[in-house]
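# Descriptive structure summary
Chain by chain, the residues:
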Amino acid sequence: MDIVGVEGEAAGGGAGARAVPAGEWEREPHPSDSLRTFGAFVQALREHAGLSRVDLGARVQYSKHTVESVELGRRMPDETFVERAEEALGNTGALRKAARHLTRGEAGLAAWFRRWARLEREAVSLCTYECRLVPGLLQSEGYARALFENRIPLLTDEQLEAQVEARMERQRMLYERPTVPFHFIVEEAVLRRRLGGAEVWREQLNQVLKHTAPRHVTLQIMPLEAEYHSCMDGPLRLLETPEGRRLAYSEGQESGRLIGDSKEVRVLQQRYDTLRSQALHPKDSRALLERLRGEA
């Protein structure tokens, strides 16, 4: 991934020193896991080389404070910092390779979900099974807001707005990627739950009907009276990467797990495929949604 942004205060006005507006030196408001990992890597290489932060700062022509901010994952290093640090710390190519995977923190997304969210944006197919709540890609703003208002511990107003904004932003994928198949299986009980009240529920049903209308988006409902169910172990997400690799994601209380083991993913894919045969046909699912909307 390209390194973006301007980071680092050039030290001492030596060769390569750059005048950067102070506002562009601000620390990352939401440090990502990749920034923290990269920073720890820089620190380990620096200490192995027997250099202090002042020493490394002099060699890369950035201040000690910039070196510290990068090592703590507070700032996104620019290309110049990476190149000079690479040369100063052994020139093995390790820092250049690691820098390709740097991403800024994503406000409103849980830390354990961010990697999956990035994979979603590049996937060639996505499948989702939900038994707890309406999938995030299909949520209305009112429904999402009701979810976050119910979060314990309580969110601040700023945190709540960031969560809602991130969720609405994520939904753009459905319309920006019209050739990518999106498939959803949702429990009927989830769609009957009047979270946020009758008005929010009605709006949510309309939103699901709207988002699942395009040809590349498919919704199946798992009916309450179903006698067979292959996914009783909880919610499940599956995707295929452009390289043909299949990955899965499982989420629980305050945690999430990205699953890459091919054998484990194969079992989860089998469960999902079986569930597709157990759920209502897409046309019948849409008819049920229409009936539910009539009750709203």
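Calculation notes
- Residues numbered from 1 in each chain as written.
- Predicted model: local features only at pLDDT ≥ 70, side-chain atom pairs only at ≥ 80, totals over all residues.
- Heavy atoms only, no water.
- Core = buried A, V, L, I, M, F, W, Y, C linked by side-chain atoms within 4.5 Å.
- Buried < 20%, exposed > 50% of the residue type's maximum accessible area, 1.4 Å probe, protein only.
- Contact = heavy atoms within 4.5 Å.
- Axes fitted to C-alpha atoms, helices over the stretch in contact; angles between N-to-C directions.
- Helix = DSSP H or I, 4+ residues; strand = E, 2+ residues; numbered from the N terminus.
- Parallel < 35°, antiparallel > 145°, perpendicular 65-115°, else oblique.
- Left-handed = near helix turned anticlockwise from the far one by under 90°.
- Expected span 1.5 Å × (residues − 1).
- Arc of directions from axis to C-beta.
- Salt bridge = Lys/Arg side-chain N within 4 Å of Asp/Glu carboxyl O.
- Phe/Tyr/Trp six-rings, centres within 6.5 Å; stacked < 30°, edge-to-face > 60°.
- pLDDT = per-residue confidence, 0-100.
- Pairing = 2+ DSSP bridges.
- Nonpolar A, V, L, I, M, F, W, Y, C, P; charged D, E, K, R; others polar.

## Some words on the nonpolar core
A general feature of soluble globular proteins is that nonpolar side chains tend to end up buried together. Membership of the largest hydrophobic core comes to 32 residues, with the highest contact counts inside it found for Val134, Phe182, Phe184, Leu191, Val208, Leu219 and Leu289. With residues near it in sequence (within four places) discarded, leucine 191 still touches Val134, Val186, Trp201, Leu205, Val208, Ile221, Leu289 and Leu292. Leu35, Leu51, Tyr62 and Phe81 belong to the second-largest nonpolar core, a separate cluster that totals 18 residues.

## Observations regarding the packing of helix H11 (residues 198-211) against helix H13 (residues 282-295)
Pairs of packed helices are described in terms of their axes, by the angle between the two and the distance that separates them. Their axes nearest at 10 Å, the elements H11 and H13 cross at an angle of 155 degrees. Our classification of the angle between H11 and H13 gives roughly antiparallel. Judged by the twist between their axes, the crossing of H11 over H13 is left-handed. From H11, Trp201, Leu205, Asn206, Val208 and Leu209 reach across to H13, where they touch Arg286, Leu289, Glu290, Leu292, Arg293 and Glu295.

## Some points on H13
Here H13 is 14 residues long and its end C-alpha atoms lie 20 Å apart, about the 20 Å a rise of 1.5 Å per residue gives. Three or more residues of H13 are buried, namely Ser285, Leu288, Leu289 and Leu292. Projected onto a plane normal to the axis of H13, the buried residues spread over an arc of 105 degrees and lie on a single side. Facing away from the buried surface of H13 by more than 90 degrees, the exposed residues are Lys283, Arg291 and Gly294.

## Things to note about unusual backbone geometry
Across the chain, the bulk of peptide bonds are trans and the bulk of non-glycine residues have phi less than zero. For the bond running from isoleucine 152 to proline 153, omega is 0 degrees, close enough to zero to count as cis. One can find proline 153 in the loop between helix H7 (141-149) and helix H8 (157-170). The phi torsion at glutamine 61 lies on the positive side, around 65 degrees, for a residue other than glycine. Within the secondary structure layout, glutamine 61 lies in the loop between helix H2 (53-60) and helix H3 (64-71). Phi is positive for asparagine 91, which is not a glycine, with a value near 55 degrees. Within the secondary structure layout, asparagine 91 lies in the loop between helix H4 (79-88) and helix H5 (94-99).

## A short note on the pattern of salt bridges
Inspection of the entire model under this criterion finds 18 salt bridges. Between glutamate 68 and arginine 53 there is a salt bridge, with its nearest N and O atoms 3.7 Å apart. Highlighted residues: glutamate 68 in helix H3 and arginine 53 in helix H2, separated in sequence by 15 residues. For arginine 53, the salt bridge identified is with glutamate 71, shortest N-O distance 2.7 Å. Here arginine 53 is found in helix H2, whereas its partner glutamate 71 is found in helix H3, with 18 residues between them in sequence. Three or more residues joined by partner-sharing salt bridges are found here, namely Arg46, Glu47, Arg53, Glu68 and Glu71.

## Considerations on the packing of aromatic side chains
Across all of its chains, the model carries two aromatic pairs by this definition. With centroids separated by 5.4 Å and ring planes inclined at 75 degrees, the aromatic side chains of tyrosine 62 and phenylalanine 81 adopt a geometry described as edge-to-face. Here tyrosine 62, found in the loop between H2 and H3, pairs with phenylalanine 81, found in helix H4; they are 19 residues apart in sequence, far enough to count as distant. Exposure class is identical for tyrosine 62 and phenylalanine 81. Each is buried. When the centroid spacing of 5.5 Å and the interplanar angle of 25 degrees are considered together, the rings of tryptophan 116 and tyrosine 249 count as stacked. Of this pair, tryptophan 116 sits in helix H6 (residues 114-120) while tyrosine 249 sits in strand E5 (residues 246-252), and the two are 133 residues apart along the sequence. Relative accessible area serves as the criterion here: at 2%, tryptophan 116 is assigned to the buried category.

## Observations regarding the confidence of the model for the protein chain
Averaged over all residues, the pLDDT of the protein chain equals 86, while 86% of them reach at least 70. Low pLDDT, under 50, characterises residues 1-26; the predicted model gives this stretch 56 contacts beyond four residues in sequence or across chains.

## Side note on the sheet that holds strand E6 (residues 255-259)
Across the sheet, which stays open at both edges, the six strands sit in the order E3-E2-E1-E4-E5-E6 with mixed pairing between neighbours. Looking at strand neighbours, the two that pair on one side only are strand E3 (217-222) and E6, the edges of this open sheet. Between one strand axis and the next, the sheet turns through 15 degrees on average, direction left out of account. Where strand E1 (residues 125-130) and strand E4 (residues 236-240) come together, five bridges link them in antiparallel fashion. Across the sheet, leucine 126 pairs through a bridge with leucine 239, a residue of E4.

## Quick word on the packing of H7 against H8
Packing of H7 against H8 brings their axes to within 10 Å, and their N-to-C directions diverge by 140 degrees. Taken as axis vectors, H7 and H8 run oblique relative to one another. Two packed elements cross with a definite hand, and for H7 against H8 that hand is right-handed. Contact residues: Glu141, Ala144, Arg145, Leu147, Phe148 and Glu149 in H7; Leu160, Glu161, Gln163, Val164, Arg167 and Met168 in H8. Of the residues assigned to the contact of H7 with H8, the class counts are six nonpolar, one polar and five charged.

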